[in-house]
Amino acid sequence: MKSKFICNEEIRLDVFLASNTSFSRSFIKTMNDEGRILVNGKKEKAGFKLKAGDEIVVDEKEKEQIDVTAEDIPLDIVYEDDDLVVINKQVGLVVHPCSTTKSHTLVNALMHHIKNLSTINGVERPGIVHRLDKDTAGLMIVAKNDYSHKYLSEQLKDKTLNREYKALIRGRIKDDFIVEGYLGRNPKNREQMALVNEKNGKYSKTIFTIDKVYDHFTLLNCKLTTGRTHQIRAHLKSINHPILGDKLYGGLEKTIKTNGQLLFAYKITFVHPSTKEKMTFEADLPDFFKNILKNL
């Protein structure tokens, strides 16, 4: 079902819709990202400034409900207390159910192993504060109650929750560098993200430092300043140094067989929601990653 609205004042798009519908601003943003909100026939950002007379059309199709059940999937739990869990996610595990993957996800595993999970993100994403791609392994924080979820989410927003990665890339780089710019859907391949203009993307920044240089490859430390979808992968692709094993961004090598892309979230730092103590966790590279480095 599509609903039509006519704006009669200058106001942000998401604020206008929140005032004229039962939808939350976060759900409005999700619908807008899915292209289900048009202003005068065009897609605009959720914060777009409406003018009097603008026509807004909202596609209110119902979201497919996914039945999420607990599954006995092994989890590497690094730390757990009453507020949160730190896990070391394995390669190949999707974080939460979606239209294409309805079971055997991290959420299904969490529901089996963890008694309580936050409810902020609904039944399909309980406890999920941030995500990793299916083929990216490494450390993630999971919230066990709504207060902890909100507290950790605020740290993501104000950049006090820090995540660092190791990435093995094609090519030799000898000096530290930064990649920044507006990241959005690649107009030539909608499965990819790419650096685009400000109107079509969100600001992104990654700090890269050299760990080790090999004959034809470089091991990098990657520190996120922002946390956009596929950020590290797309940033490295943009400078023609894709991550090895990254099929989507052109990182496959005939001579090197990988178990997913060689990108690993090895370190995470945050302030604990209850104790207010700064906590840092580090994880060793997976065995398959270590073996490739040894062979280089």
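Analysis parameters
- Residues numbered from 1 in each chain as written.
- Predicted model: local features only at pLDDT ≥ 70, side-chain atom pairs only at ≥ 80, totals over all residues.
- Heavy atoms only, no water.
- Helix = DSSP H or I, 4+ residues; strand = E, 2+ residues; numbered from the N terminus.
- Rg over C-alpha atoms; globule rule 2.2 N^0.38 Å.
- Buried < 20%, exposed > 50% of the residue type's maximum accessible area, 1.4 Å probe, protein only.
- Contact = heavy atoms within 4.5 Å.
- Areas by Shrake-Rupley, 256 points an atom, 1.4 Å probe, with all protein chains shown as cover.
- Salt bridge = Lys/Arg side-chain N within 4 Å of Asp/Glu carboxyl O.
- Polar contact = N/O pair within 3.5 Å; in protein donor to acceptor, adjacent residues only side chain to side chain.
- Axes fitted to C-alpha atoms, helices over the stretch in contact; angles between N-to-C directions.
- Parallel < 35°, antiparallel > 145°, perpendicular 65-115°, else oblique.
- Left-handed = near helix turned anticlockwise from the far one by under 90°.
- Nonpolar A, V, L, I, M, F, W, Y, C, P; charged D, E, K, R; others polar.
- pLDDT = per-residue confidence, 0-100.

Enquirer: If you had to explain the overall build of the protein chain to someone new, which residues and values would you point to?
Expert: Within the protein chain one finds six helices and 15 strands. Taken over the C-alpha trace, the protein chain has a radius of gyration of 21 Å; the compact-globule value for 296 residues is 19 Å, and the two agree within 12%. Residue burial in the protein chain is summarised as follows: out of 296 residues, 47% are buried. Put simply, of all contacts in the protein chain between residues at least 6 apart along the chain, 63% involve residues at least 24 apart. For the protein chain, the accessible area works out to roughly 15600 Å², and carbon and sulfur atoms hold 46% of it.

Enquirer: Which residues make up the pattern of salt bridges, and what values go with them?
Expert: This structure, assessed with the given rule, holds 11 salt bridges. As a salt-bridge pair, glutamate 34 and arginine 36 come within 2.8 Å of each other at their nearest N and O atoms. On the basis of relative accessible area, glutamate 34 is assigned to the partly exposed category, the value being 48%. Across the pair lysine 144 and glutamate 80 runs a salt bridge, and its minimum N-O distance is 2.9 Å. Within this pair, whereas lysine 144 is found in the loop between strand 8 (137–143) and helix 4 (146–157), its partner glutamate 80 is found in strand 6 (residues 77–80), the two being separated by 64 residues in sequence. Judged by relative accessible area, lysine 144 falls into the buried class, the value being 13%. Since its relative accessible area comes to 38%, glutamate 80 is described here as partly exposed. Look at the salt bridges and you will find they share partners, linking Asp133, Arg233 and Asp246 into a network.

Enquirer: Give a description of the side chain of serine 148 that names residues and reports values.
Expert: Summarising the element assignment, serine 148 is placed in helix 4. With residues up to four places along the chain from it excluded, the contact list for serine 148 reads Asp83, Ala143 and Pro273.

Enquirer: I'd like a rundown of helix 3 (residues 106–113), residues and numbers included.
Expert: Every α-helical turn comprises 3.6 residues, leaving residues that sit three or four positions apart pointing alike. The complete set of buried residues in helix 3 reads Leu106, Val107, Asn108, Ala109 and Leu110. Next to the buried residues of helix 3 lie strand 7 (84–89) and strand 8. Capping of helix 3 at its N-terminal end is provided by threonine 105; its side-chain oxygen lies 3.3 Å from the backbone amide nitrogen of valine 107.

Enquirer: Tell me what's going on with the packing of helix 1 (residues 13–20) against helix 2 (residues 25–33), and back it up with residues and numbers.
Expert: Packing of helix 1 against helix 2 leaves a shortest axis separation of 9 Å and a crossing angle of 120 degrees. One finds that helix 1 runs oblique with respect to helix 2. The element helix 1 and its partner helix 2 pack so that their crossing is right-handed. Where helix 1 abuts helix 2, its residues Leu13, Asp14, Val15, Leu17 and Ala18 lie against Arg25, Ile28 and Asn32. Considering only residue class, the contact of helix 1 with helix 2 consists of five nonpolar, one polar and two charged.

Enquirer: So what about the confidence of the model for the protein chain? Which residues, and what values?
Expert: Averaged over all residues, the pLDDT of the protein chain equals 91, while 97% of them reach at least 70. Put simply, helix 2 is where the protein chain has its lowest mean pLDDT, 81, and strand 15 (residues 278–282) is where it has its highest, 98.

Enquirer: Which residues make up unusual backbone geometry, and what values go with them?
Expert: The backbone of lysine 159 shows a phi angle near 65 degrees, a positive value even though the residue is not glycine. Here lysine 159 shows up in the loop between helix 4 and strand 9 (162–170). With phi around 60 degrees, lysine 276 is a residue other than glycine that occupies positive phi space. Residue position: lysine 276 is located in the loop between strand 14 (263–271) and strand 15. The partly exposed category is assigned to lysine 276, whose relative accessible area is 42%.

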